[in-house]
Amino acid sequence: WASVLKLCAYLFSGLYFSAHWCPPCRGFTPELATFYNTATGQGDKFEIIFVSCDRDEPSFKDYFGSMPWAALKFEHSDLKVSGGVGVMMVNLYMY
């Protein structure tokens, strides 16, 4: 619960569903990273949580290495479906 309470301190927070194998995602991620770095660099209370749609952990680690924000652990990424989010596509940002 401590992590959830930390997120409550942010003005904006969102979930970013994406995957290493998805070309549109790989194109969008650098754009989102630029926005994130600009917003947080100006002191905005803003956080993104990456939820991987990758097929394996090495792909997740490689892709997440290019992101400046937090991530749901790969072993918990199945929660995106079982937790009720029901993601049907990748490259989705929810806030």
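Attention in this report is confined to the structure presented alongside it. Just so we're clear, the structure is a prediction, and the values are computed from it rather than from any experiment.

1. Looking at the environment of Trp21
Within the secondary structure layout, Trp21 lies in the loop between strand 1 (12–18) and helix 2 (23–41). Along the chain, Trp21 and Phe60 lie 39 residues apart, while their C-alpha atoms are 9.7 Å from each other. Engagement of the side chain of Trp21 in a polar contact is seen with the backbone oxygen of Cys53, the distance being 3.2 Å.

2. Some remarks on the state of the cysteines
Counted according to the given criterion, the structure contains 0 disulfides. A disulfide-free cysteine, Cys53 has its sulfur positioned 7.5 Å from the sulfur of Cys25, the nearest such atom.

3. What to know about the packing of aromatic side chains
Tallying each qualifying case throughout the model produces 9 aromatic pairs. Seen from their ring centres, Tyr16 and Phe50 are 6.3 Å apart, and the 45 degrees between their planes marks the pair as tilted. Of this pair, Tyr16 sits in strand 1 while Phe50 sits in strand 2 (residues 46–52), and the two are 34 residues apart along the sequence. Both rings, one in Phe50 and one in Tyr63, keep their centres 5.7 Å apart while their planes meet at 85 degrees; by these two values the pair is edge-to-face. Remark: Tyr63 occurs in helix 3 (residues 57–64) and Phe50 occurs in strand 2; sequence separation between them is 13 residues. The class for Phe50 is buried, based on a relative accessible area of 0%. Exposure remark for Tyr63: the relative accessible area of 2% places this residue in the buried category. Just above the ring of Trp21 sits the side chain of Arg55; from NZ or CZ to the centre is 4.4 Å.

What counts, and where the lines are drawn
Residues numbered from 1 in each chain as written. Predicted model: local features only at pLDDT ≥ 70, side-chain atom pairs only at ≥ 80, totals over all residues. Heavy atoms only, no water. Helix = DSSP H or I, 4+ residues; strand = E, 2+ residues; numbered from the N terminus. Polar contact = N/O pair within 3.5 Å; in protein donor to acceptor, adjacent residues only side chain to side chain. Disulfide = S-S within 2.5 Å. Phe/Tyr/Trp six-rings, centres within 6.5 Å; stacked < 30°, edge-to-face > 60°. Buried < 20%, exposed > 50% of the residue type's maximum accessible area, 1.4 Å probe, protein only. Lys NZ or Arg CZ within 6 Å of the ring centre and 35° of its normal.

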